[in-house]
Amino acid sequence: MALIDLANPSRFLTLVGRVLPWLAAATLAAFAFGIGQVMVAPDDYQQGATAKIMFIHVPSAWLSMFIWGTMSIAALGTLVWRHPLADVAAKAAAPIGAAFTLQCLITGSLWGRPMWGTYWVWDGRLTSVLVLFLMYLGVIALWRTIEEPSRAARAAAILTLVGALNLPIIKFSVDWWSTLHQPASVLRLGGPTIHPSLLIPLLAMGIAFLLLFLTLHLAAMRNEIMRRRVRTLMLLQADGAAGH
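Residues numbered from 1 in each chain as written. Predicted model: local features only at pLDDT ≥ 70, side-chain atom pairs only at ≥ 80, totals over all residues. Heavy atoms only, no water.

### Thoughts on the overall build of the chain
- Along the chain, the regular secondary structure elements total 7 helices and 0 strands.
- Taken from the N to the C terminus, the helices and strands of the chain come in the order α-α-α-α-α-α-α.
- Relative to its full complement of 244 residues, the chain shows a buried share of 42%.
- For the chain, the proportion of contacts with a sequence separation of at least 24, taken over those separated by at least 6, is 75%. (Helix = DSSP H or I, 4+ residues; strand = E, 2+ residues; numbered from the N terminus. Buried < 20%, exposed > 50% of the residue type's maximum accessible area, 1.4 Å probe, protein only. Contact = heavy atoms within 4.5 Å.)

Here it is as structure tokens:
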């Protein structure tokens, strides 16, 4: 199947039907391996067992930005290339991205309480991630409030591209401003500074969370395509009834 064939919703649904069970199985296997690695990972020499919350917090933070980046590419597909599945991909990704971003905020607050003595500080990193979460909610609200799919797609795409300006702010906020949040220790030019005994389970959980997103995203795209087909059939039936 050529890549261009995936622009056809029926062919895309066929591919999803074949891939989704294997992807779900890979997700379960990745989580089993990742959790096993987390269980044997040592406590941090400064933070103790509290630091293990990073195995949920950090992958959630990565995915919160990755998913918005994916939505931004889909937004270009909607506005520039008019790809028929671009807005489906963006709409399906938004609630998943919002969930991961909320998880990032909650786990970060729980981690911050013993480390900083407070659940929340209005520093650059935390505030910009909160803004990202609100942007997710804004995109979801646009999809729900605008009934006509093409108009909703264009409005959501514009908001998504505007929100993409926040991604570099999230990434580099700890370098640009004085902040309690620690600087990057994994995704950095000089290489990771975290010990391999913690880095390996962290990367394993990151892969597991990525596979989880891909599984949920494909399933949500399939559901959205089916929902639109049902809507089209209902409109055709309504038009037919009105014509009689």
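### A look at the nonpolar core
- Counting residues in hydrophobic clusters, the biggest one holds 58 residues, and the most contacted among them are Phe 55, Ile 67, Trp 68 and Met 71.
- Looking at this core, the elements that each hand over two or more residues are helix 1 (9-40), helix 2 (54-81), helix 3 (86-116), helix 4 (124-145), helix 5 (149-163), helix 6 (166-176) and helix 7 (196-243). (Core = buried A, V, L, I, M, F, W, Y, C linked by side-chain atoms within 4.5 Å.)

### Focus on the environment of Met 115
- Among the structural elements, Met 115 can be located in helix 3.
- Remark: the alpha-carbon pair of Met 115 and Gln 47, spanning 68 residues in sequence, is separated by 7.5 Å.
- Setting aside anything within four residues of it in sequence, one finds Met 115 in contact with Gln 47 and Thr 50.

### Concerning the environment of Trp 111
- Within the element layout of this structure, Trp 111 appears in helix 3.
- With relative accessibility at 13%, the residue Trp 111 sits in the buried group.
- With residues up to four places along the chain from it excluded, the contact list for Trp 111 reads Gln 47, Thr 50, Ala 51, Ile 53, Met 54 and His 57.

### Remarks on the pattern of salt bridges
- According to the stated counting rule, one finds 4 salt bridges in the structure shown.
- Between Lys 91 and Glu 224 there is a salt bridge; the shortest N-O distance is 3.2 Å. On the criterion of sequence distance, the pair formed by Lys 91 in helix 3 and Glu 224 in helix 7 is long-range, its members being 133 residues apart.
- A relative accessible area of 25% means that Lys 91 is categorised as partly exposed. (Salt bridge = Lys/Arg side-chain N within 4 Å of Asp/Glu carboxyl O.)

### What to know about helix 4
- Taking 1.5 Å as the rise per residue, helix 4 with 22 residues should run 32 Å; its terminal C-alpha atoms sit 31 Å apart, in good agreement.
- Listing the buried residues of helix 4 in full gives Gly 124, Arg 125, Leu 126, Ser 128, Val 129, Leu 132, Phe 133, Met 135, Tyr 136, Val 139, Ile 140 and Trp 143. (Expected span 1.5 Å × (residues − 1).)

### Topic: the packing of aromatic side chains
- Tallied over the full model, the rule gives 5 aromatic pairs.
- Each residue in the set Phe 31, Phe 100 and Phe 209 is aromatic and connected to the rest through ring pairs, giving one cluster.
- One Lys or Arg, Arg 113, reaches over the ring of Tyr 119 and ends 5.7 Å from the middle of that ring. (Phe/Tyr/Trp six-rings, centres within 6.5 Å; stacked < 30°, edge-to-face > 60°. Lys NZ or Arg CZ within 6 Å of the ring centre and 35° of its normal.)

### Description of the confidence of the model for the chain
- In this model, the chain carries an average pLDDT of 87, and 86% of its residues clear a pLDDT of 70 or more.
- When mean pLDDT is compared element by element in the chain, helix 2 scores highest at 95, while helix 6 scores lowest at 83. (pLDDT = per-residue confidence, 0-100.)

### Let's talk about a nonpolar patch on the surface
- A contiguous nonpolar surface patch, about 380 Å² in accessible area, is contributed by Leu 102, Ile 106, Leu 110 and Tyr 119.
- Secondary-structure assignment places Ile 106 in helix 3. (Patch = residues over 30% accessible without salt bridge, like charges linked within 9 Å, V, L, I, M, F, W, Y side chains within 5 Å. Areas by Shrake-Rupley, 256 points an atom, 1.4 Å probe, with all protein chains shown as cover.)

### Observations concerning helix 2
- Between the first and last C-alpha of helix 2 there are 39 Å, a value that for 28 residues agrees with the 40 Å anticipated at 1.5 Å per step.
- Downstream of helix 2 by one or two residues, Arg 82 has phi in the positive range, about 55°.

### So, the environment of Glu 224
- Residue classification places Glu 224 among the buried residues on the basis of a relative accessible area of 5%.
- When the C-alpha positions of Glu 224 and Ala 92 are compared, they lie 7.1 Å apart, and in sequence the two are 132 residues distant.
- Every residue in contact with Glu 224, bar those within four places of it in the chain, is listed here: Val 88 and Lys 91.

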